[in-house]
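Here are the chains, one letter per residue:
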Amino acid sequence: MTFPFEALSACRAELEAEATINDGPAAFPRHGLDRLRALGVLSAALPQACGGHGFGTEAHGASGLLHMLRLVGHGSLALGRIVEGHVNALRLIACYGTQARMAQVAAAVHDGALFGVWVTDGAQPLAMEAGDGAVTLHGGKAFASGVGHVTHALVTAATQGGNVHMLLVGVADTSRVHHGPDGLAGMRGAGTGRYDFTGMGVQADCMVGQAGDYLRQPEFSAGAWRAMAVALGGIERLATVLREQLAARGRAQAPAQQARIGDALIAAETAFLWTHRAAMLAAAPDRHATGDIAATVNLARLAVERAGLEVIGLVQRGLGLAAFVRTNPAERLLRDLATYLRQPAPDETLCEAAGWFTHRDLPRMEAT
Ligand SMILES: Cc1cc2nc3c(=O)[nH]c(=O)nc-3n(C[C@H](O)[C@H](O)[C@H](O)COP(=O)(O)OP(=O)(O)OC[C@H]3O[C@@H](n4cnc5c(N)ncnc54)[C@H](O)[C@@H]3O)c2cc1C
């Protein structure tokens, strides 16, 4: 069975309408998530042998996943963040977990489970103490997407000796959930919050892979292409809104506005080309050096960020004050994209990539 891209495409307006309603109260997009689940978006990342399309878990699924994440991003960046976290978890389990674990995960996904990857530590970083077949957790995670809605989180936790493990844990205990931070400007529908793991005991078989696997390259850097694919959706949506609103106001023919439309389209296409390139390289780890993949995806991350920031500026200047009026959908889209683009350690990402390619050329596309 092929993935229903047309149906997903058709429901983007519905996702956007819910995102608009949810923005004020910072409500979680329950309806949109149910729609995506019904379309098979949450199971698409499972390997084909587990009833999925291999989107993200098998090399052939990279371009399908790019298209799927981009379409979700068109409709709602908040939902895109949730889906991207879910896919990320399935990908890491496929890479580092056992087949038996993947089979359990697949059964849970087919049963409606939502996965997430929570690595950003709270004020007290997540620590683990292993003993006699069990692990006790202390501390918590912050900026965790979908907290209170995600059923299983893949978390990183450090031992006293500093080894970092991935653990797959149930996170349905709502008494451990703390919503917020209050007043987040954008991405208010992503259900971001803290989860306190202190005192939680889990079986030792919750560990996925070996210590250090989470930071193993190229996966650690390469995985960022999926977040770019969601951002790409937001960038493309804003470029479309710019064109539509300028045309509706009879302002699209002014030469300066035409230049903005052209520049926004160039930026959006640049984001697409870099994301596509990153996705293709990440899907071919046997054909490229680990450092080439990691550094190219890092450059792509910065290129997509730059494209997004450029489109934000173009929309603000092109639409003027109208882009700052809450009732204009562009206003929320701008806030959501600006917030989404804040990914970890951008300076380090650029410098590491620049360092790698100082004495090497970028891998060429024709070699992929
Ligand atoms: C809506 C939303 C959902 C999220 N969902 C999740 C989730 O589900 N799971 C999860 O794990 N995380 C999640 N996060 C957190 C996210 O992945 C990033 O950690 C966060 O957005 C990074 O933000 P930052 O700009 O503060 O990054 P930072 O890395 O703090 O960067 C800020 C600036 O400081 C610079 N900088 C960084 N380190 C240093 C340093 N040591 N010295 C000097 N300068 C430095 C950077 O280059 C950059 O210029 C989410 C965040 C948001 C907003």
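Everything here concerns the structure above.
Residues numbered from 1 in each chain as written. Predicted model: local features only at pLDDT ≥ 70, side-chain atom pairs only at ≥ 80, totals over all residues. Heavy atoms only, no water.

Draft legend 1. Representation of the site of the ligand in the model. Residues in contact with the ligand amount to 17 residues; listed here are only the nearest, Arg81, Thr120, Phe143, Ser145 and Arg342. Between Thr120 and the ligand, the recorded distance is 2.7 Å, taken from a side-chain N or O atom to a nitrogen atom. For the ligand, a nitrogen atom lies 2.9 Å from a polar atom in the backbone of Phe143. In isolation the ligand offers 970 Å² of accessible surface; the protein chains occlude 57% of this area. Among the elements of the structure, β1 (115-118), β4 (140-144) and α12 (346-357) are those that each provide at least two residues to the shell around the ligand. Within the shell around the ligand, the residues separate by chemical class into nine nonpolar, five polar and three charged. Here the shell around the ligand spans two domains, since at least three of its residues come from each of domain 2 (117-212) and domain 3 (217-367). (Near = heavy atom within 4 Å. Polar contact = N/O pair within 3.5 Å; in protein donor to acceptor, adjacent residues only side chain to side chain. Areas by Shrake-Rupley, 256 points an atom, 1.4 Å probe, with all protein chains shown as cover. Helix = DSSP H or I, 4+ residues; strand = E, 2+ residues; numbered from the N terminus. Nonpolar A, V, L, I, M, F, W, Y, C, P; charged D, E, K, R; others polar. Domains from an automatic or database assignment.)

Draft legend 2. Geometry of the packing of aromatic side chains. Evaluation of the coordinates by the stated rule reveals six aromatic pairs. Taking the centre distance of 4.7 Å and the plane angle of 55° together, the rings of Tyr195 and Phe197 count as tilted. The pair formed by Tyr195 and Phe197 is uniform in burial state, with each residue classed as buried. When the ring of Tyr214 is compared with that of Phe220, the centres are 5.5 Å apart and the planes differ by 75°; the resulting orientation is edge-to-face. Judged by its relative accessible area of 39%, Phe220 falls in the partly exposed class. Taken together, the ring pairs connect Phe3, Phe5 and Phe55 into an aromatic cluster. Arg360 extends its terminal NZ or CZ atom over the ring of Trp356, reaching a point 3.5 Å from the ring centre. (Phe/Tyr/Trp six-rings, centres within 6.5 Å; stacked < 30°, edge-to-face > 60°. Buried < 20%, exposed > 50% of the residue type's maximum accessible area, 1.4 Å probe, protein only. Lys NZ or Arg CZ within 6 Å of the ring centre and 35° of its normal.)

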